[in-house]
Amino acid sequence: MEELFVCAILCGLGFDKYNTYKETLDRLLQLNPTDEIVLDLYGRSDKDAMLHLHSIMNEYTLDCERFGKCLMKELRTIYLSVEITEFGKKMYELWNRLPKTIDIMEKPFHVLSYADDCLSYGDEKQCRELYESMFEFYE
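Residues numbered from 1 in each chain as written. Predicted model: local features only at pLDDT ≥ 70, side-chain atom pairs only at ≥ 80, totals over all residues. Heavy atoms only, no water.

Which residues make up the overall build of the protein chain, and what values go with them?
For the protein chain, the helix and strand inventory stands at seven helices and zero strands. Traced from its N-terminal end to its C-terminal end, the protein chain shows the element sequence α-α-α-α-α-α-α. Its C-alpha atoms give the protein chain a radius of gyration of 15 Å, within 12% of the compact-globule value 14 Å for 139 residues. Its C-alpha atoms give the protein chain principal-axis dimensions of roughly 50 × 25 × 25 Å. Counting across all 139 residues of the protein chain, residues that qualify as buried make up 43%. Residue pairs at least 24 apart in sequence account for 65% of intrachain contacts in the protein chain once pairs closer than 6 positions are excluded. Carbon and sulfur atoms provide 48% of the accessible area of the protein chain, an area that totals close to 7700 Å². Taking the average place of the 16 positive charges on the side chains of the protein chain and the average place of its 27 negative ones, the gap between the two points comes to 2 Å. (Helix = DSSP H or I, 4+ residues; strand = E, 2+ residues; numbered from the N terminus. Rg over C-alpha atoms; globule rule 2.2 N^0.38 Å. Buried < 20%, exposed > 50% of the residue type's maximum accessible area, 1.4 Å probe, protein only. Contact = heavy atoms within 4.5 Å. Areas by Shrake-Rupley, 256 points an atom, 1.4 Å probe, with all protein chains shown as cover. Lys, Arg positive; Asp, Glu negative; His and termini not counted. Charge placed at Lys NZ, Arg CZ, Asp CG, Glu CD.)

Printed below as a string of C-alpha coordinates:
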(Lines give C-alpha, C1' and ligand atoms only; values in the text may rest on other atoms or scores of the structure.)
Protein backbone atom coordinates (compact mmCIF):
# COMPACT_ATOMS: atom_id res chain seq x y z
CA MET A 1 0.00 0.00 0.00
CA GLU A 2 2.88 2.36 0.71
CA GLU A 3 3.78 2.39 -2.99
CA LEU A 4 0.23 3.33 -3.88
CA PHE A 5 0.24 6.17 -1.36
CA VAL A 6 3.46 7.50 -2.89
CA CYS A 7 1.87 7.40 -6.35
CA ALA A 8 -1.20 9.25 -5.07
CA ILE A 9 0.88 11.99 -3.47
CA LEU A 10 3.06 12.43 -6.55
CA CYS A 11 0.08 12.44 -8.93
CA GLY A 12 -1.54 15.05 -6.70
CA LEU A 13 1.54 17.22 -7.23
CA GLY A 14 1.23 16.92 -11.00
CA PHE A 15 3.77 14.18 -11.65
CA ASP A 16 2.59 11.44 -14.01
CA LYS A 17 2.85 8.29 -11.91
CA TYR A 18 -0.30 6.61 -13.21
CA ASN A 19 1.59 3.81 -14.96
CA THR A 20 3.55 3.10 -11.77
CA TYR A 21 0.24 3.11 -9.88
CA LYS A 22 -1.36 0.63 -12.29
CA GLU A 23 1.64 -1.70 -12.24
CA THR A 24 1.75 -1.62 -8.44
CA LEU A 25 -1.98 -2.20 -8.15
CA ASP A 26 -1.74 -5.22 -10.50
CA ARG A 27 1.17 -6.64 -8.48
CA LEU A 28 -0.66 -6.16 -5.16
CA LEU A 29 -3.77 -7.82 -6.57
CA GLN A 30 -1.72 -10.83 -7.65
CA LEU A 31 -0.12 -11.07 -4.22
CA ASN A 32 -3.40 -10.83 -2.35
CA PRO A 33 -6.50 -11.19 -4.56
CA THR A 34 -8.84 -10.77 -1.57
CA ASP A 35 -7.45 -7.45 -0.30
CA GLU A 36 -10.54 -5.27 0.01
CA ILE A 37 -8.69 -1.97 -0.41
CA VAL A 38 -6.92 -3.14 -3.56
CA LEU A 39 -10.14 -4.55 -4.99
CA ASP A 40 -11.93 -1.29 -4.26
CA LEU A 41 -9.17 0.71 -5.96
CA TYR A 42 -9.23 -1.61 -8.95
CA GLY A 43 -12.87 -0.72 -9.57
CA ARG A 44 -12.26 3.04 -9.56
CA SER A 45 -11.05 5.44 -12.22
CA ASP A 46 -7.46 6.60 -11.77
CA LYS A 47 -8.48 10.04 -10.54
CA ASP A 48 -11.05 8.66 -8.11
CA ALA A 49 -8.53 6.09 -6.86
CA MET A 50 -5.97 8.84 -6.16
CA LEU A 51 -8.54 10.80 -4.18
CA HIS A 52 -9.56 7.69 -2.27
CA LEU A 53 -5.92 6.86 -1.48
CA HIS A 54 -5.48 10.36 -0.05
CA SER A 55 -8.54 9.87 2.14
CA ILE A 56 -7.40 6.53 3.59
CA MET A 57 -3.67 7.27 3.79
CA ASN A 58 -3.85 8.97 7.18
CA GLU A 59 -5.88 6.13 8.69
CA TYR A 60 -3.72 3.31 7.37
CA THR A 61 -1.02 1.77 9.57
CA LEU A 62 1.94 2.81 7.48
CA ASP A 63 5.32 1.12 7.33
CA CYS A 64 7.30 4.37 7.45
CA GLU A 65 10.56 2.80 6.28
CA ARG A 66 8.92 1.12 3.30
CA PHE A 67 7.08 4.35 2.47
CA GLY A 68 10.32 6.33 2.73
CA LYS A 69 12.24 3.93 0.50
CA CYS A 70 9.54 4.00 -2.15
CA LEU A 71 9.22 7.78 -1.97
CA MET A 72 12.97 8.38 -2.28
CA LYS A 73 13.20 6.01 -5.24
CA GLU A 74 10.43 7.84 -7.09
CA LEU A 75 11.76 11.27 -6.13
CA ARG A 76 15.22 10.43 -7.44
CA THR A 77 13.71 9.57 -10.83
CA ILE A 78 11.78 12.84 -10.89
CA TYR A 79 14.82 14.83 -9.71
CA LEU A 80 16.85 13.57 -12.65
CA SER A 81 14.16 14.55 -15.16
CA VAL A 82 13.18 18.12 -14.17
CA GLU A 83 14.81 21.45 -13.44
CA ILE A 84 16.04 21.85 -9.86
CA THR A 85 13.86 24.94 -9.29
CA GLU A 86 10.71 23.09 -10.34
CA PHE A 87 11.68 20.10 -8.21
CA GLY A 88 12.34 22.29 -5.16
CA LYS A 89 9.00 24.05 -5.37
CA LYS A 90 7.16 20.74 -5.50
CA MET A 91 9.11 19.24 -2.60
CA TYR A 92 7.91 21.74 -0.04
CA GLU A 93 4.36 21.07 -1.17
CA LEU A 94 5.04 17.32 -0.94
CA TRP A 95 6.33 17.77 2.61
CA ASN A 96 2.99 19.32 3.54
CA ARG A 97 1.12 16.35 2.04
CA LEU A 98 2.99 13.55 3.80
CA PRO A 99 0.84 11.13 5.80
CA LYS A 100 0.12 12.26 9.35
CA THR A 101 1.69 9.07 10.72
CA ILE A 102 5.10 10.19 9.48
CA ASP A 103 7.26 12.44 11.61
CA ILE A 104 7.87 15.17 9.04
CA MET A 105 10.71 16.62 11.11
CA GLU A 106 12.60 13.32 11.02
CA LYS A 107 15.27 12.33 8.50
CA PRO A 108 15.00 12.19 5.54
CA PHE A 109 11.59 13.87 5.27
CA HIS A 110 12.49 17.19 6.86
CA VAL A 111 14.90 17.91 3.97
CA LEU A 112 11.82 18.39 1.77
CA SER A 113 10.90 21.47 3.79
CA TYR A 114 14.09 23.47 3.38
CA ALA A 115 16.51 22.18 0.73
CA ASP A 116 15.24 24.55 -1.96
CA ASP A 117 15.93 27.57 0.31
CA CYS A 118 19.52 27.38 -0.95
CA LEU A 119 18.30 28.29 -4.43
CA SER A 120 17.06 31.68 -3.23
CA TYR A 121 20.65 32.78 -2.65
CA GLY A 122 22.10 30.97 -5.67
CA ASP A 123 23.57 27.90 -3.97
CA GLU A 124 22.39 25.15 -6.30
CA LYS A 125 25.29 22.93 -5.26
CA GLN A 126 24.21 22.80 -1.62
CA CYS A 127 20.59 22.27 -2.65
CA ARG A 128 21.56 19.28 -4.78
CA GLU A 129 23.75 17.87 -2.01
CA LEU A 130 20.82 18.01 0.41
CA TYR A 131 18.45 16.27 -1.98
CA GLU A 132 21.00 13.65 -2.96
CA SER A 133 21.75 12.82 0.68
CA MET A 134 18.00 12.48 1.23
CA PHE A 135 17.74 9.99 -1.66
CA GLU A 136 20.56 7.91 -0.17
CA PHE A 137 19.12 7.81 3.35
CA TYR A 138 17.74 4.25 3.05
CA GLU A 139 20.64 2.78 1.07
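Can you break down the nonpolar core residue by residue, with the values?
Ranked by internal contacts, the top residues of the largest apolar core, which has 47 residues, are Tyr21, Leu53, Phe67, Leu71, Leu75, Leu94 and Tyr131. Where this core is concerned, the elements lending two or more residues are α1 (2–12), α2 (18–31), α3 (36–42), α4 (46–57), α5 (64–79), α6 (84–97) and α7 (124–135). In terms of residue count, the dominant contributor to this core is α1 (eight residues). Sequence-distant contacts of Tyr131, that is, excluding residues within four places in its chain, are made with Tyr79, Ile84, Phe87, Gly88, Met91, Val111, Ala115 and Asp116. (Core = buried A, V, L, I, M, F, W, Y, C linked by side-chain atoms within 4.5 Å.)

Requested: an account of the side chain of Glu3, with residues and values cited.
With respect to the helices and strands, Glu3 occurs in helix α1. Residues within four places of Glu3 in sequence aside, it is in contact with Thr24, Arg27, Arg66 and Cys70.

So what's going on with α5? Which residues, and what values?
Taking 1.5 Å of rise per residue, the 16 residues of α5 would be expected to cover 22 Å, and the 21 Å separating its terminal C-alpha atoms lies within 8% of that figure. Looking at α5, one finds that the buried residues are Phe67, Gly68, Cys70, Leu71, Met72, Glu74, Leu75, Ile78 and Tyr79. Those residues of α5 that are buried are in contact with α1, α2, α6 and α7. At the N-terminal end of α5, a side-chain oxygen is found 3.2 Å from the backbone nitrogen of Glu65, two or three residues along, and the residue is Asp63. (Expected span 1.5 Å × (residues − 1). Polar contact = N/O pair within 3.5 Å; in protein donor to acceptor, adjacent residues only side chain to side chain.)

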